[in-house]
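Understanding the architecture of this molecule
Here are the chains, one letter per residue:
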Amino acid sequence: MRISSRSGRVDVTAEPRADVLVERGPAPVIEPGRPVTVVGRDERLVVRVPVGVDLVIGTGSGRVTVRGSLGAVAVTTSSGRVEVDRAQRVDVRVRSAGVSVGEVDGEARVDTLSGRAQVGRAGSAHLSTVSGRIVIGHCVGRLRARTVSGRIEARVDGPAPDVDVETVSGRVDVRMHPGVHPRVEVSTVTGRVHHDLPVGDDGRVAARTVTGSVWVTAGAAP
Amino acid sequence: MTAPPSVTGAIAFTDIAGFTAFCEAAGDEAAVTALEAQSRVVAGVLPADARLVKELGDGLMLWFPAAAEAVATCVELQRRLAGALSAGEFPLWVRVGLHHGPAVARGDDLVGHHVNVAARIVDLAGAREVLCSEAARDAAGEVPGVEFVAVGPAPAKGVAEPVWLYRAEAVTVSVDARGPGAGPPPR
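Residues numbered from 1 in each chain as written. Chains lettered and ligands numbered in written order. Predicted model: local features only at pLDDT ≥ 70, side-chain atom pairs only at ≥ 80, totals over all residues. Heavy atoms only, no water.

A word on helix α3 (residues 67–86) of chain B
Residue and element names in this part refer to chain B. Helix length check: α3 (20 residues) gives 29 Å between terminal C-alpha atoms against 28 Å at 1.5 Å per residue, within 8%. Residues of α3 that are buried include every one of Ala-67, Ala-70, Val-71, Thr-73, Cys-74, Val-75, Leu-77, Gln-78, Leu-81, Ala-84 and Leu-85, and no others. One or two residues past the end of α3 sits Gly-88, with phi positive at roughly 75°. (Helix = DSSP H or I, 4+ residues; strand = E, 2+ residues; numbered from the N terminus. Expected span 1.5 Å × (residues − 1). Buried < 20%, exposed > 50% of the residue type's maximum accessible area, 1.4 Å probe, protein only.)

Brief notes about the confidence of the model for chain B
Of the residues in chain B, 91% reach a pLDDT of 70 or more, and the chain-wide mean stands at 88. Note that residues 175–187 of chain B has pLDDT below 50 and, in this model, six contacts with residues that lie over four places away or in other chains. (pLDDT = per-residue confidence, 0-100. Contact = heavy atoms within 4.5 Å.)

So, the side chain of Ser124(A)
Within the secondary structure, Ser124(A) is located in strand β10 (residues 116–129). Excluding residues within four positions of it along the chain, Ser124(A) makes contact with Gly106(A), Glu107(A), Ala108(A), Cys139(A), Gly141(A) and Arg142(A).

Thoughts on unusual backbone geometry
One non-glycine residue with positive phi stands out, namely Arg128(B), at about 65°. In this structure, Arg128(B) sits in the loop between α4 (113–124) and β6 (130–133).

Re the domain arrangement of chain A
Here chain A is described as being made up of domain 1 (1–74) and domain 2 (98–222). Inter-centroid distance (C-alpha atoms) of domain 1 of chain A to domain 2 of chain A is 32 Å. (Domains from an automatic or database assignment.)

Digging into the layout of surface pockets
By volume, the largest pocket amounts to about 830 Å³. Around the largest pocket, the lining is made up of 24 residues, and of these His126(A), Arg142(A), Arg146(A), Arg128(B) and Glu169(B) lie nearest the centre. If you list the elements that add at least two residues to the lining of the largest pocket, you get β9 (99–112), β12 (143–147) and β18 (204–209) of chain A together with α3 and β8 (163–170) of chain B. If you tally residues by element for the lining of the largest pocket, the top one is α3(B), at five residues. (1 Å grid on protein atoms, 1.4 Å probe; cavity = no way out; pocket = protein on both sides within 12 Å on 5 of 7 lines; lining within 4 Å. Points joined across faces, edges and corners; volume = space filled by probe spheres on them.)

Describing the interface of chain A and chain B
Where the parts come together, the accessible area they lose is often given as the size of the interface. On the side of chain B, 31 residues touch chain A, which itself brings 29 residues to the contact. Across the chain A to chain B interface the summed buried area is about 2,400 Å²; carbon plus sulfur atoms make up 58%. Between Arg93(A) and Glu129(B) there is a salt bridge, with its nearest N and O atoms 2.4 Å apart. Our enumeration of links across chain A and chain B arrives at 10 residue pairs in polar contact (both at pLDDT 80 or more). Looking at the side of chain A that touches chain B, the elements with two or more residues in it are β1 (2–5), β6 (55–59), β7 (64–77), β8 (82–94), β9, β12 and β14 (162–167) of chain A. (Buried area = accessible area lost by both parts, 1.4 Å probe. Salt bridge = Lys/Arg side-chain N within 4 Å of Asp/Glu carboxyl O. Polar contact = N/O pair within 3.5 Å; in protein donor to acceptor, adjacent residues only side chain to side chain.)

Focus on the pattern of salt bridges
All names here are of chain A. Summed over the entire model, instances satisfying the criterion amount to 41 salt bridges over all chains. One salt bridge connects Arg-146 with Glu-166, and the closest N-O pair in it is separated by 2.9 Å. Remark: Glu-166 occurs in strand β14 and Arg-146 occurs in strand β12; sequence separation between them is 20 residues. Close ionic contact of Glu-185 with Arg-204 constitutes a salt bridge, the shortest N to O distance being 3.4 Å.

Topic: the environment of Val193(A)
Residues and elements named next belong to chain A. Looking at the secondary structure, you find Val-193 in strand β17 (residues 192–195). Linking Val-193 and Ala-72, residues 121 residues apart in sequence, is a C-alpha distance of 35 Å. Not counting residues within four places of it along the chain, the set of residues in contact with Val-193 comprises Val-186, Ser-187, Thr-188, Ala-207, Thr-209 and Val-214.

What to know about the nonpolar core
Core analysis: the largest hydrophobic core is formed by 54 residues, its most contacted members being Ile3(A) and Leu143(A). The dominant element in this core, judged by the number of residues it contributes, is β8(A), at six residues. In terms of domain composition, this core takes at least three residues from each of domain 1 (1–74) and domain 2 (98–222) of chain A. In this structure, Ile3(A) is in contact with Val10(A), Val12(A), Val38(A), Leu45(A), Val47(A), Leu55(A), Val56(A), Ile57(A), Gly58(A) and Pro153(B), ignoring residues within four places of it in sequence. Membership of the second largest hydrophobic core comes to 43 residues, among which are Leu77(B), Ala84(B), Ala127(B) and Ala140(B). (Core = buried A, V, L, I, M, F, W, Y, C linked by side-chain atoms within 4.5 Å.)

In structure tokens, the structure reads:
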């Protein structure tokens, strides 16, 4: 399903139902072989969809709220706040908005220019911010995190981590599952890379920074 | 007076994420070294019939006669830049925006609405990402080794209708370590 809006707020709720109901906004466009599409302008859109449906949303500046359990969710917005409860996969791309994602079974992908993004739990994570802040409570699998001058904090669970974090002048703080013994590769120009992990063959942790700081430690969530 | 020549093809813009911060943090000489490294990688991946239209600070404008070639090249460019980063030869991340449509030649430059759209798309791309318009995806069709992931209809400044965007990414192929024709994996 596709939803677009220039500046209006978008509220989507997934619930046990078979059809798509637009409570507020223009009628959905339904064509054989194509995703159901709702195209708004500046008005608020309120849409109810079946549980597990895939959703692609784009807005200019409206707030986006997705409640319930979805399939793959992609949201692109310039400045509206984005909230997603639960999904199989999430791909959120914002310039300056706040982002809140609850639980993601597969990959959580978050790209921001600035603003704060929070992900509760994800199967794997791909996080990128220029100057914003991204926090992920639990990442079970692979973690890729990059920030230019912002801050990324993540807790990585699981016995064989696959972690790759980079920053130019920002800070990346990764807390690992206690007892893990990964291969650790760090590099810096004039920044600081600190890790206190016992080294072994339990997966891989790579950290790079130019002048920023990267902390990889074992212990509690950030 | 004759109309200026128009060419239809794929227009790509690249941008180095955080280049300004990098200049401040690492110094101007390191910044120039990074730009030279980027130029080497781009020169090594650009097909003979494509061209570098112009440099825009740390960014580049590229033109390709065919969209499929443009998509494949940009994905390969990201792969090579990632390799250069791992090797310590290029310390930053590049964003790529790609669109397809006609443009008007003005000397060596290209101008027009579709050039502007391509420039807007790169603003929305994430680090190490190739972001394509729907027009570029449709013109490209099937690109071997590349898949398109829908990321949303994005309103772009100065463009009346939202631009549908797709991330082009390399397909991860798992290879049976026992070699081709090895049969089903053991239970």
